[in-house]
Amino acid sequence: KMKKKIAIVVGGGIAGIISSLLIKKNFDDVYLVEQNKKIGGLFCSNKNDLGLTFDYGSHFLRGTGINELDEIILDGISEKNWLTLGNLKGGGYYGSKLNSQTPFLDTRLLPKEIYQKGIKEILDIKKENTKVHNLKDQLHSIFGNTFTKYIFEPIIKKKYFGCDLESLSIDTHKSFGLDKILAFTPEETRERKKQKIFDEKFSFHSSQEGHSDLQNYYPKKDGIELWINLLKAKLDAAKVKIKAGVNITNIFHSNGEVQSIKLSDGDKINCSKIIWTINPILFSKYCKLITKDELSGP
């Protein structure tokens, strides 16, 4: 009898939901594990006694431009129930200053000598190194050592993950809108961005420039959780097994291969793959070295 292929997806936010849908075609069973009582992560809504709906966390659904993903996330989004909002203006707060024109970090707020050193490094980079092994390598390759040290490391390490950049996967910074930086004057930025290598690193100084063709959407009623309900229907149709309101207590592995996980409700699920979509520090916490006796035990 052929052994069932089972995958565990940890984290019931958007990354976990989409991951579950994408990999289901390659596995007999997929379990989506979420510690909260319902999935959705930051895309959740709450209705008060007056019938008014409030979102907490993220608010808008946006297309990605990637066909395979958009076929999933935009399915069911119709003019009848959804508003199309086009491009939305963004802002950000960095260096004790509010920038109402762009959400990207303004490197000019760094001390002058650090800013100038960082700019020199980034302009001297003629080609991005594609053979990188972790986030720190990648950021050095794209933005140079100085901006990595003074811009990205304090934010990603101290604010988001609490671990060294070497411990994080490549492209992690893009999850937080840190894929570009602000520098120069608006005029010089426009000139620099005519070169592809700089266009991918520097942002315009205003959200009025460089508009994307991607659209933003918001429900006409019931809040953004309406989107999560649409995705949950897809999970149910794909027969993804949702385990909500539980935590992982142990990950059992041998010779570099995962064997099973144990949940806080006492369930033990055999598996051959784990997709981890939440804080990687928790992975190292739960992925303890398990003895062969424990692995073969009840």
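Located above this text is the structure these notes cover.
Structural notes, computed from the coordinates.

Cut-offs and rules
- Residues numbered from 1 in each chain as written.
- Predicted model: local features only at pLDDT ≥ 70, side-chain atom pairs only at ≥ 80, totals over all residues.
- Heavy atoms only, no water.
- Phe/Tyr/Trp six-rings, centres within 6.5 Å; stacked < 30°, edge-to-face > 60°.
- Helix = DSSP H or I, 4+ residues; strand = E, 2+ residues; numbered from the N terminus.
- Buried < 20%, exposed > 50% of the residue type's maximum accessible area, 1.4 Å probe, protein only.
- Lys NZ or Arg CZ within 6 Å of the ring centre and 35° of its normal.
- Expected span 1.5 Å × (residues − 1).
- Bend = angle between axes of the 7 residues up to and from the residue.
- Polar contact = N/O pair within 3.5 Å; in protein donor to acceptor, adjacent residues only side chain to side chain.
- Axes fitted to C-alpha atoms, helices over the stretch in contact; angles between N-to-C directions.
- Parallel < 35°, antiparallel > 145°, perpendicular 65-115°, else oblique.
- Left-handed = near helix turned anticlockwise from the far one by under 90°.
- Contact = heavy atoms within 4.5 Å.
- Nonpolar A, V, L, I, M, F, W, Y, C, P; charged D, E, K, R; others polar.

Some points on the packing of aromatic side chains
If you walk through the whole model with that rule in mind, you get seven aromatic pairs. Taking 5.8 Å as the distance between ring centres and 75° as the angle between the ring planes, the aromatic pair formed by phenylalanine 161 and phenylalanine 176 counts as edge-to-face. Of this pair, phenylalanine 161 sits in helix H4 (residues 135–161) while phenylalanine 176 is found in the loop between H4 and strand E10 (181–182), placing the two residues 15 residues apart along the sequence. Phenylalanine 161 sits in the buried class, given a relative accessible area of 15%. Put simply, the rings of Tyr160, Phe161 and Phe176 pair up and form one aromatic cluster. We note lysine 5 situated over the ring of phenylalanine 27; from NZ or CZ to the ring centre the distance is 5.2 Å. Cation over ring: lysine 268 sits above phenylalanine 252, and NZ or CZ is 4.6 Å from the ring centre.

Observations regarding H4
For H4, built from 27 residues, the straight-helix expectation of 39 Å at 1.5 Å per residue is missed by more than 12%, its first-to-last C-alpha distance being only 12 Å. The largest bend in H4 is about 115°, located at phenylalanine 143. A distance of 3.1 Å separates the backbone nitrogen of lysine 136 from a side-chain oxygen at the start of H4, and that oxygen is part of asparagine 134. Following H4 by one or two positions, glycine 162 adopts a phi angle in the positive range, close to 70°.

A look at the packing of helix H3 (residues 112–124) against H4
Interhelical geometry of H3 versus H4 gives an angle of 155° and a closest axis separation of 6 Å. By the angle class used here, H3 and H4 are roughly antiparallel. The chirality of how H3 crosses H4 is left-handed. Each of Ile114, Tyr115, Lys117, Gly118, Ile119, Glu121 and Ile122 in H3 lies in contact with H4, whose residues at this interface are Ile142, Phe143, Gly144, Asn145, Thr146, Phe147 and Tyr150. By residue class, the composition of the contact of H3 with H4 is eight nonpolar, four polar and two charged.

Here we look at the environment of serine 212
Within the fold, serine 212 resides in the loop between helix H6 (196–199) and strand E11 (216–219). Along the backbone, serine 212 and asparagine 87 are 125 residues apart, and their C-alpha atoms lie at a distance of 6.9 Å. Excluding residues within four positions of it along the chain, serine 212 makes contact with Arg62 and Asn87.

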